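Residues per chain, in single letters:
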Amino acid sequence: MVIWQAERPLYLLFINCSNNKPGNPTTPMLNHLNRSFAVYIFSYLLVSAVHGQQQRAPSAHTLRDRFRDDFMIGTAVNARQVQERIPMETQLLATQFNAITPENVMKAQSLQPRWNSFNFEQADQLIEFSKKYHMNVNAHTLIWHSQLPRFVRSLQTADSLKLFMSNHINTVAGRYYGKVQSWDVVNEALNEDGTLRKSVFYDKLGENYIIEAFRLAQAATPGTDLYYNDYNNEKPAKRAGCIEIIKKIQAAGVKIDGVGIQGHWHLGQLPIKDIEESILQYAALGLKVAITELDIEVLKRNFQGAEISQRMNSDPSLDPYKESLPDSIQQRLAEDYDALFKLFVKHKDKIARVTFWGVHDGQSWLNGWPVAGRTNYPLLFDRQYRPKPAFYKVIDSE
(Lines give C-alpha, C1' and ligand atoms only; values in the text may rest on other atoms or scores of the structure.)
Protein backbone atom coordinates (compact mmCIF):
# COMPACT_ATOMS: atom_id res chain seq x y z
CA MET A 1 0.00 0.00 0.00
CA VAL A 2 1.29 3.45 -0.90
CA ILE A 3 0.26 5.69 1.99
CA TRP A 4 0.92 9.05 0.33
CA GLN A 5 -1.30 8.24 -2.61
CA ALA A 6 -4.29 7.76 -0.34
CA GLU A 7 -3.69 10.70 1.97
CA ARG A 8 -1.65 13.41 0.26
CA PRO A 9 -4.43 14.51 -2.14
CA LEU A 10 -6.48 15.98 0.69
CA TYR A 11 -3.67 18.44 1.33
CA LEU A 12 -3.60 19.44 -2.32
CA LEU A 13 -7.32 19.72 -2.83
CA PHE A 14 -8.16 21.71 0.28
CA ILE A 15 -5.08 23.75 1.06
CA ASN A 16 -6.35 26.73 -0.89
CA CYS A 17 -9.76 26.81 0.82
CA SER A 18 -8.42 29.20 3.46
CA ASN A 19 -7.51 31.64 0.71
CA ASN A 20 -11.07 31.95 -0.59
CA LYS A 21 -12.36 35.50 -0.55
CA PRO A 22 -15.92 36.70 0.12
CA GLY A 23 -17.86 36.92 -3.10
CA ASN A 24 -16.09 33.99 -4.71
CA PRO A 25 -18.97 31.70 -5.85
CA THR A 26 -17.02 28.60 -4.85
CA THR A 27 -16.36 29.80 -1.30
CA PRO A 28 -19.46 28.40 0.50
CA MET A 29 -19.06 24.97 -1.06
CA LEU A 30 -15.31 24.84 -0.44
CA ASN A 31 -15.64 26.04 3.15
CA HIS A 32 -18.25 23.37 3.78
CA LEU A 33 -15.98 20.72 2.30
CA ASN A 34 -13.05 22.12 4.25
CA ARG A 35 -14.90 21.63 7.54
CA SER A 36 -16.17 18.21 6.51
CA PHE A 37 -12.71 16.92 5.70
CA ALA A 38 -10.63 18.72 8.34
CA VAL A 39 -10.24 15.48 10.24
CA TYR A 40 -8.78 13.85 7.14
CA ILE A 41 -6.24 16.61 6.71
CA PHE A 42 -5.15 16.12 10.32
CA SER A 43 -4.94 12.38 9.69
CA TYR A 44 -2.78 13.01 6.65
CA LEU A 45 -0.29 15.03 8.66
CA LEU A 46 -0.26 12.44 11.42
CA VAL A 47 0.26 9.52 9.06
CA SER A 48 3.03 11.36 7.24
CA ALA A 49 4.82 12.08 10.49
CA VAL A 50 4.47 8.50 11.70
CA HIS A 51 5.91 7.12 8.49
CA GLY A 52 8.66 9.72 8.32
CA GLN A 53 7.64 10.83 4.81
CA GLN A 54 9.26 13.91 3.29
CA GLN A 55 6.45 15.65 1.44
CA ARG A 56 7.60 17.98 -1.33
CA ALA A 57 5.24 20.88 -1.85
CA PRO A 58 4.41 21.26 -5.55
CA SER A 59 5.08 24.55 -7.32
CA ALA A 60 1.33 25.14 -7.64
CA HIS A 61 -1.67 23.59 -5.95
CA THR A 62 -3.94 23.22 -8.96
CA LEU A 63 -3.71 22.66 -12.69
CA ARG A 64 -5.51 25.90 -13.47
CA ASP A 65 -3.03 27.85 -11.31
CA ARG A 66 0.01 26.09 -12.74
CA PHE A 67 -0.87 26.82 -16.36
CA ARG A 68 -2.76 30.08 -15.90
CA ASP A 69 -0.23 32.04 -17.95
CA ASP A 70 0.29 29.27 -20.54
CA PHE A 71 -3.03 27.86 -21.78
CA MET A 72 -6.47 26.90 -20.52
CA ILE A 73 -6.81 23.57 -18.73
CA GLY A 74 -10.07 21.79 -19.45
CA THR A 75 -11.92 18.55 -18.96
CA ALA A 76 -14.91 16.77 -20.44
CA VAL A 77 -17.94 16.76 -18.16
CA ASN A 78 -21.11 14.68 -18.10
CA ALA A 79 -24.63 15.55 -17.03
CA ARG A 80 -24.17 14.16 -13.50
CA GLN A 81 -21.16 16.36 -12.89
CA VAL A 82 -22.89 19.46 -14.17
CA GLN A 83 -25.76 18.73 -11.80
CA GLU A 84 -23.23 18.60 -8.92
CA ARG A 85 -24.42 15.25 -7.59
CA ILE A 86 -21.07 14.30 -6.05
CA PRO A 87 -19.36 17.05 -4.00
CA MET A 88 -15.85 15.68 -4.54
CA GLU A 89 -16.29 15.81 -8.31
CA THR A 90 -17.55 19.37 -8.04
CA GLN A 91 -14.54 20.17 -5.87
CA LEU A 92 -12.13 18.83 -8.48
CA LEU A 93 -13.84 20.73 -11.26
CA ALA A 94 -14.04 24.00 -9.32
CA THR A 95 -10.40 23.98 -8.24
CA GLN A 96 -8.48 22.24 -11.04
CA PHE A 97 -10.00 23.38 -14.36
CA ASN A 98 -10.93 26.63 -16.07
CA ALA A 99 -12.53 25.14 -19.20
CA ILE A 100 -15.07 22.40 -19.83
CA THR A 101 -16.25 20.43 -22.85
CA PRO A 102 -19.60 18.60 -22.84
CA GLU A 103 -18.91 14.90 -23.18
CA ASN A 104 -22.27 14.17 -24.80
CA VAL A 105 -24.99 16.71 -24.03
CA MET A 106 -24.24 19.00 -27.00
CA LYS A 107 -24.07 16.26 -29.62
CA ALA A 108 -26.88 16.14 -32.17
CA GLN A 109 -28.36 12.92 -30.78
CA SER A 110 -28.88 14.61 -27.42
CA LEU A 111 -29.99 18.02 -28.64
CA GLN A 112 -32.28 17.08 -31.53
CA PRO A 113 -33.60 13.53 -31.03
CA ARG A 114 -36.44 14.15 -33.52
CA TRP A 115 -36.68 16.39 -36.54
CA ASN A 116 -36.83 20.01 -35.41
CA SER A 117 -37.58 18.93 -31.84
CA PHE A 118 -34.84 20.19 -29.53
CA ASN A 119 -34.05 19.37 -25.92
CA PHE A 120 -31.71 21.95 -24.40
CA GLU A 121 -32.20 21.16 -20.70
CA GLN A 122 -28.87 19.46 -19.99
CA ALA A 123 -26.88 21.72 -22.31
CA ASP A 124 -28.36 24.77 -20.59
CA GLN A 125 -27.40 23.29 -17.21
CA LEU A 126 -23.82 23.00 -18.45
CA ILE A 127 -23.79 26.67 -19.42
CA GLU A 128 -25.06 27.67 -15.98
CA PHE A 129 -22.43 25.47 -14.35
CA SER A 130 -19.69 27.18 -16.37
CA LYS A 131 -20.93 30.60 -15.27
CA LYS A 132 -21.07 29.57 -11.62
CA TYR A 133 -17.45 28.41 -11.61
CA HIS A 134 -16.08 30.90 -14.13
CA MET A 135 -15.15 28.36 -16.80
CA ASN A 136 -14.83 28.69 -20.55
CA VAL A 137 -16.93 26.29 -22.62
CA ASN A 138 -15.70 24.49 -25.72
CA ALA A 139 -18.94 23.28 -27.27
CA HIS A 140 -18.76 19.81 -28.85
CA THR A 141 -19.84 19.14 -31.59
CA LEU A 142 -22.03 20.47 -34.43
CA ILE A 143 -21.36 18.03 -37.29
CA TRP A 144 -20.19 14.48 -36.61
CA HIS A 145 -21.02 11.23 -38.38
CA SER A 146 -21.55 9.43 -35.07
CA GLN A 147 -24.15 9.93 -32.30
CA LEU A 148 -26.58 11.32 -34.82
CA PRO A 149 -30.36 11.20 -34.34
CA ARG A 150 -31.83 8.13 -36.02
CA PHE A 151 -33.90 10.20 -38.44
CA VAL A 152 -30.78 11.69 -40.06
CA ARG A 153 -29.73 8.36 -41.56
CA SER A 154 -33.17 7.88 -43.03
CA LEU A 155 -33.09 11.16 -44.96
CA GLN A 156 -33.28 10.33 -48.64
CA THR A 157 -32.11 13.44 -50.45
CA ALA A 158 -29.21 15.85 -50.35
CA ASP A 159 -31.63 18.74 -49.89
CA SER A 160 -33.18 17.19 -46.77
CA LEU A 161 -29.75 16.53 -45.23
CA LYS A 162 -28.59 20.04 -46.09
CA LEU A 163 -31.73 21.41 -44.44
CA PHE A 164 -31.00 19.39 -41.30
CA MET A 165 -27.43 20.64 -41.16
CA SER A 166 -28.44 24.26 -41.69
CA ASN A 167 -31.29 24.13 -39.19
CA HIS A 168 -29.22 22.31 -36.57
CA ILE A 169 -26.24 24.65 -36.75
CA ASN A 170 -28.34 27.82 -36.85
CA THR A 171 -30.51 26.71 -33.92
CA VAL A 172 -27.81 25.25 -31.68
CA ALA A 173 -24.91 27.61 -32.35
CA GLY A 174 -27.32 30.54 -32.33
CA ARG A 175 -28.75 29.57 -28.95
CA TYR A 176 -25.30 29.51 -27.34
CA TYR A 177 -23.91 32.55 -29.11
CA GLY A 178 -21.94 34.58 -26.59
CA LYS A 179 -22.11 31.76 -24.03
CA VAL A 180 -19.35 29.49 -25.34
CA GLN A 181 -15.74 30.31 -26.14
CA SER A 182 -15.42 27.87 -29.04
CA TRP A 183 -17.13 25.16 -31.08
CA ASP A 184 -15.84 21.92 -32.56
CA VAL A 185 -17.69 22.59 -35.80
CA VAL A 186 -16.76 19.39 -37.65
CA ASN A 187 -15.47 16.29 -35.88
CA GLU A 188 -13.54 13.32 -37.29
CA ALA A 189 -14.12 13.82 -41.01
CA LEU A 190 -10.91 12.02 -42.06
CA ASN A 191 -9.71 8.48 -42.61
CA GLU A 192 -6.30 7.43 -41.34
CA ASP A 193 -4.71 8.01 -44.75
CA GLY A 194 -5.96 11.60 -44.85
CA THR A 195 -8.80 11.02 -47.27
CA LEU A 196 -12.32 12.11 -46.39
CA ARG A 197 -14.43 9.65 -44.46
CA LYS A 198 -17.43 8.25 -46.39
CA SER A 199 -19.97 9.55 -43.89
CA VAL A 200 -23.63 10.33 -44.44
CA PHE A 201 -22.64 13.97 -44.96
CA TYR A 202 -19.93 13.18 -47.50
CA ASP A 203 -22.09 10.68 -49.37
CA LYS A 204 -24.99 13.09 -49.90
CA LEU A 205 -23.36 16.53 -49.86
CA GLY A 206 -19.83 15.90 -51.11
CA GLU A 207 -16.57 17.20 -49.68
CA ASN A 208 -17.77 20.81 -49.51
CA TYR A 209 -20.07 19.98 -46.60
CA ILE A 210 -17.17 20.85 -44.29
CA ILE A 211 -16.78 24.34 -45.74
CA GLU A 212 -20.54 24.82 -45.55
CA ALA A 213 -20.64 23.76 -41.91
CA PHE A 214 -18.02 26.37 -41.02
CA ARG A 215 -19.82 29.00 -43.11
CA LEU A 216 -23.06 28.33 -41.24
CA ALA A 217 -21.30 28.38 -37.86
CA GLN A 218 -19.56 31.65 -38.71
CA ALA A 219 -22.92 33.26 -39.42
CA ALA A 220 -24.72 31.77 -36.42
CA THR A 221 -22.10 32.58 -33.79
CA PRO A 222 -19.82 35.41 -34.92
CA GLY A 223 -16.75 35.94 -32.78
CA THR A 224 -16.74 32.39 -31.44
CA ASP A 225 -13.61 30.34 -32.13
CA LEU A 226 -14.35 27.63 -34.69
CA TYR A 227 -12.32 24.40 -34.67
CA TYR A 228 -11.85 21.30 -36.77
CA ASN A 229 -11.31 18.34 -34.41
CA ASP A 230 -9.92 14.85 -35.06
CA TYR A 231 -7.89 11.98 -33.62
CA ASN A 232 -4.52 10.82 -34.99
CA ASN A 233 -4.25 14.08 -36.94
CA GLU A 234 -0.76 14.45 -35.51
CA LYS A 235 0.32 11.55 -37.74
CA PRO A 236 1.83 12.62 -41.09
CA ALA A 237 -0.78 11.18 -43.48
CA LYS A 238 -3.81 12.31 -41.54
CA ARG A 239 -2.15 15.63 -40.76
CA ALA A 240 -1.73 16.23 -44.49
CA GLY A 241 -5.44 15.58 -45.02
CA CYS A 242 -6.28 17.91 -42.15
CA ILE A 243 -4.12 20.67 -43.59
CA GLU A 244 -5.83 20.21 -46.95
CA ILE A 245 -9.24 20.72 -45.30
CA ILE A 246 -8.03 23.83 -43.50
CA LYS A 247 -6.58 25.37 -46.65
CA LYS A 248 -9.82 24.78 -48.56
CA ILE A 249 -11.85 26.45 -45.83
CA GLN A 250 -9.47 29.40 -45.81
CA ALA A 251 -9.42 29.63 -49.62
CA ALA A 252 -13.21 29.83 -49.60
CA GLY A 253 -12.97 32.90 -47.39
CA VAL A 254 -14.63 31.08 -44.49
CA LYS A 255 -13.55 31.50 -40.89
CA ILE A 256 -11.63 28.72 -39.11
CA ASP A 257 -9.74 29.58 -35.94
CA GLY A 258 -8.15 26.38 -34.78
CA VAL A 259 -7.54 22.67 -35.00
CA GLY A 260 -8.06 20.16 -32.23
CA ILE A 261 -5.65 17.26 -31.78
CA GLN A 262 -7.62 14.82 -29.67
CA GLY A 263 -4.66 13.18 -27.96
CA HIS A 264 -5.96 9.65 -27.30
CA TRP A 265 -2.50 8.17 -26.82
CA HIS A 266 -0.98 4.96 -25.41
CA LEU A 267 1.43 4.29 -22.59
CA GLY A 268 5.02 4.22 -23.81
CA GLN A 269 4.00 5.10 -27.37
CA LEU A 270 3.74 8.90 -27.38
CA PRO A 271 4.45 10.24 -30.88
CA ILE A 272 6.26 13.28 -29.47
CA LYS A 273 8.01 14.25 -32.71
CA ASP A 274 4.79 13.98 -34.72
CA ILE A 275 2.87 16.00 -32.11
CA GLU A 276 5.47 18.78 -32.16
CA GLU A 277 5.62 18.88 -35.94
CA SER A 278 1.83 19.05 -36.10
CA ILE A 279 1.67 21.93 -33.62
CA LEU A 280 4.19 23.81 -35.77
CA GLN A 281 2.48 23.09 -39.08
CA TYR A 282 -1.02 23.95 -37.86
CA ALA A 283 0.21 27.13 -36.22
CA ALA A 284 1.97 28.10 -39.47
CA LEU A 285 -1.48 28.25 -41.08
CA GLY A 286 -2.44 30.96 -38.60
CA LEU A 287 -4.48 28.61 -36.41
CA LYS A 288 -4.70 28.06 -32.70
CA VAL A 289 -3.94 24.51 -31.57
CA ALA A 290 -5.90 22.71 -28.86
CA ILE A 291 -5.28 19.31 -27.32
CA THR A 292 -8.93 18.41 -26.99
CA GLU A 293 -9.53 14.92 -25.57
CA LEU A 294 -6.36 13.98 -23.75
CA ASP A 295 -5.90 10.61 -22.08
CA ILE A 296 -3.14 7.99 -22.03
CA GLU A 297 -4.40 4.41 -22.17
CA VAL A 298 -2.51 1.86 -20.06
CA LEU A 299 -4.32 -1.24 -21.36
CA LYS A 300 -3.60 -3.15 -24.56
CA ARG A 301 -5.59 -3.10 -27.75
CA ASN A 302 -4.84 -4.14 -31.30
CA PHE A 303 -5.42 -0.79 -33.03
CA GLN A 304 -4.82 2.90 -32.42
CA GLY A 305 -7.12 5.85 -32.73
CA ALA A 306 -10.60 6.60 -31.43
CA GLU A 307 -13.01 5.19 -33.99
CA ILE A 308 -15.87 4.22 -31.70
CA SER A 309 -17.32 1.67 -34.14
CA GLN A 310 -14.24 -0.53 -33.60
CA ARG A 311 -14.56 -3.13 -30.85
CA MET A 312 -12.59 -5.99 -29.30
CA ASN A 313 -13.88 -9.14 -27.65
CA SER A 314 -13.56 -9.30 -23.89
CA ASP A 315 -10.62 -11.32 -22.58
CA PRO A 316 -9.22 -11.45 -19.02
CA SER A 317 -5.73 -10.81 -20.36
CA LEU A 318 -6.92 -7.43 -21.65
CA ASP A 319 -8.01 -6.32 -18.17
CA PRO A 320 -5.01 -7.06 -15.92
CA TYR A 321 -5.38 -4.25 -13.37
CA LYS A 322 -8.89 -4.72 -12.02
CA GLU A 323 -7.91 -4.04 -8.41
CA SER A 324 -5.21 -1.38 -8.78
CA LEU A 325 -2.48 -0.09 -11.05
CA PRO A 326 1.04 -1.32 -10.23
CA ASP A 327 3.51 1.33 -9.08
CA SER A 328 5.71 0.63 -12.10
CA ILE A 329 2.86 1.48 -14.48
CA GLN A 330 1.94 4.54 -12.41
CA GLN A 331 5.46 5.84 -12.84
CA ARG A 332 5.50 5.18 -16.57
CA LEU A 333 2.20 7.04 -16.89
CA ALA A 334 3.66 9.94 -14.91
CA GLU A 335 6.71 10.04 -17.17
CA ASP A 336 4.55 10.11 -20.31
CA TYR A 337 2.43 12.95 -18.99
CA ASP A 338 5.57 14.81 -17.96
CA ALA A 339 6.95 14.52 -21.49
CA LEU A 340 3.68 15.75 -22.99
CA PHE A 341 3.35 18.80 -20.78
CA LYS A 342 6.97 19.78 -21.26
CA LEU A 343 6.19 19.82 -24.99
CA PHE A 344 2.99 21.79 -24.48
CA VAL A 345 4.72 24.40 -22.33
CA LYS A 346 7.50 24.68 -24.91
CA HIS A 347 4.84 25.67 -27.46
CA LYS A 348 2.52 27.56 -25.13
CA ASP A 349 2.45 30.48 -27.57
CA LYS A 350 0.67 28.24 -30.08
CA ILE A 351 -1.57 26.15 -27.77
CA ALA A 352 -4.85 27.66 -26.62
CA ARG A 353 -6.13 24.82 -24.45
CA VAL A 354 -5.36 21.35 -23.13
CA THR A 355 -8.50 19.37 -22.28
CA PHE A 356 -8.57 15.96 -20.59
CA TRP A 357 -11.29 13.57 -21.70
CA GLY A 358 -12.73 13.08 -18.24
CA VAL A 359 -12.21 14.33 -14.69
CA HIS A 360 -11.06 11.04 -13.14
CA ASP A 361 -10.38 7.41 -14.10
CA GLY A 362 -13.86 6.23 -13.11
CA GLN A 363 -15.44 8.55 -15.67
CA SER A 364 -13.20 7.64 -18.59
CA TRP A 365 -14.83 6.32 -21.75
CA LEU A 366 -11.89 3.88 -21.99
CA ASN A 367 -13.46 1.72 -19.27
CA GLY A 368 -16.12 0.68 -21.77
CA TRP A 369 -14.33 0.94 -25.12
CA PRO A 370 -13.07 -0.87 -27.13
CA VAL A 371 -13.59 -3.67 -24.58
CA ALA A 372 -16.61 -3.43 -22.33
CA GLY A 373 -16.14 -3.41 -18.57
CA ARG A 374 -12.38 -2.90 -18.36
CA THR A 375 -10.69 -1.00 -15.53
CA ASN A 376 -8.59 1.70 -17.15
CA TYR A 377 -6.39 4.40 -15.61
CA PRO A 378 -5.78 7.08 -18.27
CA LEU A 379 -6.22 10.35 -16.34
CA LEU A 380 -4.56 12.39 -13.58
CA PHE A 381 -7.09 11.59 -10.83
CA ASP A 382 -8.12 8.12 -9.66
CA ARG A 383 -11.55 6.67 -8.93
CA GLN A 384 -11.51 8.16 -5.43
CA TYR A 385 -10.80 11.64 -6.89
CA ARG A 386 -7.20 11.54 -5.62
CA PRO A 387 -4.25 12.94 -7.60
CA LYS A 388 -2.01 10.25 -9.08
CA PRO A 389 1.77 10.45 -9.49
CA ALA A 390 1.11 11.78 -13.00
CA PHE A 391 -0.64 14.80 -11.50
CA TYR A 392 2.47 15.82 -9.57
CA LYS A 393 4.65 15.38 -12.65
CA VAL A 394 2.34 17.58 -14.69
CA ILE A 395 2.00 20.28 -12.06
CA ASP A 396 5.78 20.47 -11.66
CA SER A 397 6.57 20.36 -15.37
CA GLU A 398 8.79 23.14 -16.71
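None of these values were measured; they are calculated from a predicted model.

**Here's the deal with the side chain of Gln112**
Next up, step 1: Considering the arrangement of structural elements, one finds Gln112 in the loop between helix H7 (108-111) and helix H8 (121-132).
Next up, step 2: For Gln112, a relative accessible area of 1% puts it in the buried group.
Next up, step 3: A polar contact is formed between the side chain of Gln112 and the side chain of His168, at a distance of 2.9 Å.
Next up, step 4: Not counting residues within four places of it along the chain, the set of residues in contact with Gln112 comprises Ser117, Phe118, Pro149, Phe151, Phe164, Asn167 and His168.

**What to know about the packing of helix H10 (residues 158-175) against helix H12 (residues 209-220)**
Next up, step 1: Close contact between H10 and H12 brings their axes to 9 Å; oriented N to C, the two are set at 35°. Read as a crossing pair, H10 and H12 show a hand that is right-handed. Across the interface between the two elements, Met165, Ser166, Ile169, Asn170, Ala173 and Gly174 from H10 touch Tyr209, Glu212, Ala213, Leu216, Ala217 and Ala220 from H12.
Next up, step 2: For the contact of H10 with H12, the per-class residue count stands at eight nonpolar, three polar and one charged.

**Notes on the packing of helix H14 (residues 272-284) against helix H15 (residues 327-346)**
Next up, step 1: Relative to each other, H14 and H15 sit at 20°, their axes nearing to 11 Å. Considered as vectors, H14 and H15 are oriented roughly parallel to each other. For the crossing formed where H14 meets H15, the hand is right-handed. Seen from H14, the contacting residues are Ile272, Ile275 and Glu276; seen from H15, they are Ala339, Leu340, Leu343 and Lys346.
Next up, step 2: Its residues placed into classes, the contact of H14 with H15 shows five nonpolar, no polar and two charged.

**Examining helix H6 (residues 87-96)**
Next up, step 1: Within H6, nine of the 10 residues are buried, which leaves it mostly tucked inside the rest of the structure.
Next up, step 2: All of the buried residues in H6 are Met88, Glu89, Thr90, Gln91, Leu92, Leu93, Ala94, Thr95 and Gln96.

**Points about the pairing of strand E4 (residues 182-187)**
Next up, step 1: For E4, the buried fraction is high: six of the six residues fall into the buried class.
Next up, step 2: Bridge count between strand E3 (residues 136-144) and E4: five bridges; the pairing is parallel. Within the sheet, the bridge partner assigned to Ile143 lies in E4 and is Val186.
Next up, step 3: Direction of pairing for E4 relative to strand E5 (residues 225-230): parallel, over a ladder of five bridges. From the neighbouring strand, Val186 faces E5, where its bridge partner is Tyr228.

**Some details on the pattern of salt bridges**
Pairs can form between side chains of opposite charge whenever their charged atoms are close.
Next up, step 1: Enumeration according to the criterion identifies 22 salt bridges in this entry.
Next up, step 2: Ionic pairing is found between Lys248 and Glu207, a salt bridge with its closest N-O pair at 3.0 Å. On the criterion of sequence distance, the pair formed by Lys248 in helix H13 (residues 236-251) and Glu207 in the loop between helix H11 (200-205) and H12 is long-range, its members being 41 residues apart.
Next up, step 3: Overall, the relative accessible area of 37% leaves Glu207 in the partly exposed class.
Next up, step 4: Of the charged contacts, one joins Asp225 and Lys288 as a salt bridge, the two residues approaching to 2.7 Å between their closest N and O atoms. Note that Asp225 is positioned in strand E5 and Lys288 in strand E8 (residues 288-297), a separation of 63 residues in sequence.
Next up, step 5: Each member of the salt-bridge network shares a partner with another, and the members are Arg66, Asp70 and Lys348.

Analysis parameters
Residues numbered from 1 in each chain as written. Predicted model: local features only at pLDDT ≥ 70, side-chain atom pairs only at ≥ 80, totals over all residues. Heavy atoms only, no water. Helix = DSSP H or I, 4+ residues; strand = E, 2+ residues; numbered from the N terminus. Buried < 20%, exposed > 50% of the residue type's maximum accessible area, 1.4 Å probe, protein only. Polar contact = N/O pair within 3.5 Å; in protein donor to acceptor, adjacent residues only side chain to side chain. Contact = heavy atoms within 4.5 Å. Axes fitted to C-alpha atoms, helices over the stretch in contact; angles between N-to-C directions. Left-handed = near helix turned anticlockwise from the far one by under 90°. Nonpolar A, V, L, I, M, F, W, Y, C, P; charged D, E, K, R; others polar. Parallel < 35°, antiparallel > 145°, perpendicular 65-115°, else oblique. Pairing = 2+ DSSP bridges. Salt bridge = Lys/Arg side-chain N within 4 Å of Asp/Glu carboxyl O.

In short, shape yes, function no, at least from these values alone.
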